[in-house]
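Results of the structural survey
If you want the building blocks of each chain, they are given just below.
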Amino acid sequence: ALSPGHPPTPGVSQPEHGTRVAGIAAADTDSVNDEGMAGVSYNCSILPVKAFDGPLDYPNLVTSLEKTLEGKARVINMSFLGFEMPGSLDTAIRDCDSAGLVLVAAAGDFPTELFALAKHEKVMAVGATDKTDRRWSETLSVGSPITSGMSVVAPGEDILTTDYTLNHDEYCSFKATSASTPQVAGLAALVLSYNPALSAAEVRALIEATADKNIDPYYVGDEWTRRYGNGRIDADECLKKLVTDHPFTPVDVF
């Protein structure tokens, strides 16, 4: 499930944002000509929920989380900014967590501060890496955060994805933590598609434990952790450990 920022709405900046996020998480590969792109969780369903119009509207965001919960989702992707955590939003997040949903949020694109949603203890904060497997940064003032509280990082530079403003055979280049976050959400969905009996805490622990910690040798200790959290996600290692540590016979699950 996705709360993807800005679905098409007149007057809203970046109306294509939600389509880009959704494509990275779960673009379908069912192409007659074997063309197109594959989302991380390419055979999972998407529940698109419009979180807000224009500036971040917290009452609407709370309502969107409640709708996602009612929709029986298992993963919520939150690729949008927000620097406040009103009590109603905290309650909605905790309700989703109690219901077993994996909550994933963009860490943000400001070097010294996590977005409020990403700071929440029940939410996985996702940073971004570049093509060299180092922290993504455009300038000194724009880049994946360097601060405590990061869960994991994922590639966030020049990620090809879907865009409703383009032709059917074209794809856009997407960047920043809005692009890295749906990769983690997609991996969480991939894990749950194999074993839907896992709890949200188990899914998070699995993704964090199997993240690659052998990236960017220029930093060590706490400084490395502030940049990369538990490391850059590794879907291959994650699924290998899943099969080994959580044996399960896949069945049809609605």
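Thresholds applied
- Residues numbered from 1 in each chain as written.
- Predicted model: local features only at pLDDT ≥ 70, side-chain atom pairs only at ≥ 80, totals over all residues.
- Heavy atoms only, no water.
- Core = buried A, V, L, I, M, F, W, Y, C linked by side-chain atoms within 4.5 Å.
- Buried < 20%, exposed > 50% of the residue type's maximum accessible area, 1.4 Å probe, protein only.
- Helix = DSSP H or I, 4+ residues; strand = E, 2+ residues; numbered from the N terminus.
- Contact = heavy atoms within 4.5 Å.
- Salt bridge = Lys/Arg side-chain N within 4 Å of Asp/Glu carboxyl O.
- Phe/Tyr/Trp six-rings, centres within 6.5 Å; stacked < 30°, edge-to-face > 60°.
- pLDDT = per-residue confidence, 0-100.
- Axes fitted to C-alpha atoms, helices over the stretch in contact; angles between N-to-C directions.
- Left-handed = near helix turned anticlockwise from the far one by under 90°.
- Nonpolar A, V, L, I, M, F, W, Y, C, P; charged D, E, K, R; others polar.

**Overview of the nonpolar core**
Within the largest apolar cluster, 28 residues are counted, with the highest numbers of intra-cluster contacts made by Leu65, Met78, Leu89 and Leu117. Contributions of two or more residues to this core are made by helix 2 (58–70), strand 2 (75–78), helix 3 (87–98), strand 3 (102–106), helix 4 (116–119) and helix 7 (221–228). Leu65 has contacts with Ile76, Met78, Leu89, Ala92, Ile93 and Cys96, leaving out every residue within four places of it along the chain. Listed in part, the 25 residues of the second largest apolar core include Val102, Ala185, Ile207 and Leu242.

**Comments concerning the pattern of salt bridges**
Counted under the stated rule, the structure contains 17 salt bridges. A salt bridge links Arg204 to Glu208; the shortest N-O distance between them is 2.9 Å. One end of the pair, Arg204, and the other, Glu208, are both in helix 6 (residues 200–209), four residues apart, so they sit about a helical turn from each other. With relative accessibility at 15%, the residue Glu208 sits in the buried group.

**Observations concerning the packing of aromatic side chains**
Summed over all chains, the structure comprises two aromatic pairs. Measuring from ring centre to ring centre gives 5.2 Å for Trp224 and Tyr228, while their planes differ by 45°; the resulting arrangement is tilted. Of this pair, Trp224 and Tyr228 are both found in helix 7, four residues apart, which corresponds to roughly one turn of the helix. Looking at Trp224, the relative accessible area reads 9%, which means it is buried.

**Quick notes on the confidence of the model for the protein**
In the predicted model, the protein carries a mean pLDDT of 87, and 89% of its residues have values of at least 70. When the elements of the protein are averaged for pLDDT, strand 1 (residues 2–3) gives the smallest value, 38, and strand 7 (residues 152–155) the largest, 98. A low-confidence stretch, residues 1–13 stays under pLDDT 50, and its non-local contacts, those more than four residues away or across chains, total 48 contacts.

**Some details on the packing of helix 5 (residues 177–194) against helix 6**
Running from N to C, helix 5 and helix 6 cross one another at 115°; their axes reach a closest spacing of 10 Å. Remark: the crossing between helix 5 and helix 6 carries right-handed chirality. Only Val203, Leu206 and Ile207 of helix 6 make contact with helix 5, whose side of the interface consists of Val184, Leu187, Ala188, Val191 and Leu192. Classifying every residue of the contact of helix 5 with helix 6 gives eight nonpolar, no polar and no charged.

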